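Descriptive analysis of the structure
The residues making up each chain are set out below.
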Amino acid sequence: MSLAVMETSPRSAATDPEDVLRAWQELDVPEGWRAEIVDPGKISLLSPPSNPHNFIVELLQEALFPARPAGTGLYQTVGLWIASIGRLFIPDLTVVPRSVIRTTKAPTAAEHALVVVEVTSRDNADDDRVKKLAGYARGMVPLYLLVDAWDPSGPSVTLYENPRSGGYDLAHRVPFGRPITLPAPFDVEIDTAEFPPGADW
């Protein structure tokens, strides 16, 4: 997955997050690409992911779809806005109440998400490991599932729980091949045996 970054203004810490959000909303993003606000004052364009990346996302979607709570949907292209830090992420998967998606034209406030899933790509894995980890915690997303095919310690899946003060109180990590369980309201065990490690991409 390749990455391009656009500055929305000269390098300035004073860039208004709402101005950056408006610039994001006005973008004409190529089909299959994603635009996110990962760093202050910058909009990042990400190219379509690789087939192994999509394969993992599809397996996760298959596992989460029947386990999602009533009245929620499983989405791949929902923008989650974290107003307190002026960031906007588009996770690989997220579960959000359908009523929120149906009635809101603006990006969805991150606190509405019940879980977010990110699958790392080699070029920007640290964004998922560090910036998005902190961002989702600040956005009070209760569960963050990070699938890291490029983990230096070996391909892994980590579930982060209980956001507080810009971090998560709990983290449970398993290597690829071991199952990982999402707690209520999902109560589902995810089999990671078929997840291809980064070396196979």
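Preceding block: the structure.
Now for a quick tour of the structure. (Residues numbered from 1 in each chain as written. Predicted model: local features only at pLDDT ≥ 70, side-chain atom pairs only at ≥ 80, totals over all residues. Heavy atoms only, no water.)

**Re the overall build of the chain**
Helix and strand content of the chain: four helices and 14 strands. Here the C-alpha coordinates of the chain stretch approximately 45 × 35 × 35 Å along the principal axes. Residue pairs at least 24 apart in sequence account for 54% of intrachain contacts in the chain once pairs closer than 6 positions are excluded. Entry remark: accessible area of the chain is about 9900 Å², with carbon and sulfur atoms responsible for 50%. Taken together, the 17 basic and 27 acidic charged side chains of the chain have centroids lying 4 Å from each other. (Helix = DSSP H or I, 4+ residues; strand = E, 2+ residues; numbered from the N terminus. Contact = heavy atoms within 4.5 Å. Areas by Shrake-Rupley, 256 points an atom, 1.4 Å probe, with all protein chains shown as cover. Lys, Arg positive; Asp, Glu negative; His and termini not counted. Charge placed at Lys NZ, Arg CZ, Asp CG, Glu CD.)

**As for the pairing of strand E12 (residues 167-175)**
Two strands pair when backbone bridges link them, and strand E11 (residues 156-164) and E12 are joined in this way by eight bridges, in the antiparallel orientation. Note that in E12 the partner of Thr-158 across the bridge is Arg-173. Between the end of E11 and the start of E12, which pair antiparallel, lie two residues, with Ser-165 showing a positive phi angle near 55°. (Pairing = 2+ DSSP bridges.)

**Looking at the packing of aromatic side chains**
A full pass over the atoms with the stated rule returns six aromatic pairs. Between Tyr-160 and Tyr-168 the ring centres are 5.9 Å apart and the planes differ by 45°, which places this aromatic pair in the tilted class. These aromatic residues form a ring-pair network of at least three members: Phe-89, Tyr-136, Tyr-144, Tyr-160 and Tyr-168. Above the ring of Phe-65, the side-chain terminus of Arg-68 is found at 3.8 Å from the ring centroid. (Phe/Tyr/Trp six-rings, centres within 6.5 Å; stacked < 30°, edge-to-face > 60°. Lys NZ or Arg CZ within 6 Å of the ring centre and 35° of its normal.)

**Brief notes about the side chain of Thr-72**
Within the secondary structure, Thr-72 sits in strand E4 (residues 72-75). Engagement of the side chain of Thr-72 in a polar contact is seen with the backbone oxygen of Pro-69, the distance being 2.6 Å. If sequence neighbours within four positions are ignored, Thr-72 has contacts with Val-95, Val-96, Pro-97, Arg-98 and Leu-114. (Polar contact = N/O pair within 3.5 Å; in protein donor to acceptor, adjacent residues only side chain to side chain.)

**As for empty space enclosed by the protein**
Applying the stated rule across the entire model yields one cavity of 30 Å³ or more. Counted as a void, the largest cavity has a volume near 60 Å³. Lining the largest cavity are 13 residues, with Arg-34, Glu-118, Val-119, Asn-124 and Asp-128 positioned closest to its centre. Listing elements by their share of the lining of the largest cavity, those giving two or more residues are strand E2 (34-36), strand E9 (115-119) and helix H4 (125-138). (1 Å grid on protein atoms, 1.4 Å probe; cavity = no way out; pocket = protein on both sides within 12 Å on 5 of 7 lines; lining within 4 Å. Points joined across faces, edges and corners; volume = space filled by probe spheres on them.)

**With respect to a negative patch on the surface**
A surface patch of negative charge is lined by Glu-58, Glu-62, Glu-189, Asp-191 and Glu-194. Along the chain, Glu-189 falls in strand E14 (residues 188-190). On the basis of relative accessible area, Glu-189 is assigned to the exposed category, the value being 55%. (Patch = residues over 30% accessible without salt bridge, like charges linked within 9 Å, V, L, I, M, F, W, Y side chains within 5 Å. Salt bridge = Lys/Arg side-chain N within 4 Å of Asp/Glu carboxyl O. Buried < 20%, exposed > 50% of the residue type's maximum accessible area, 1.4 Å probe, protein only.)

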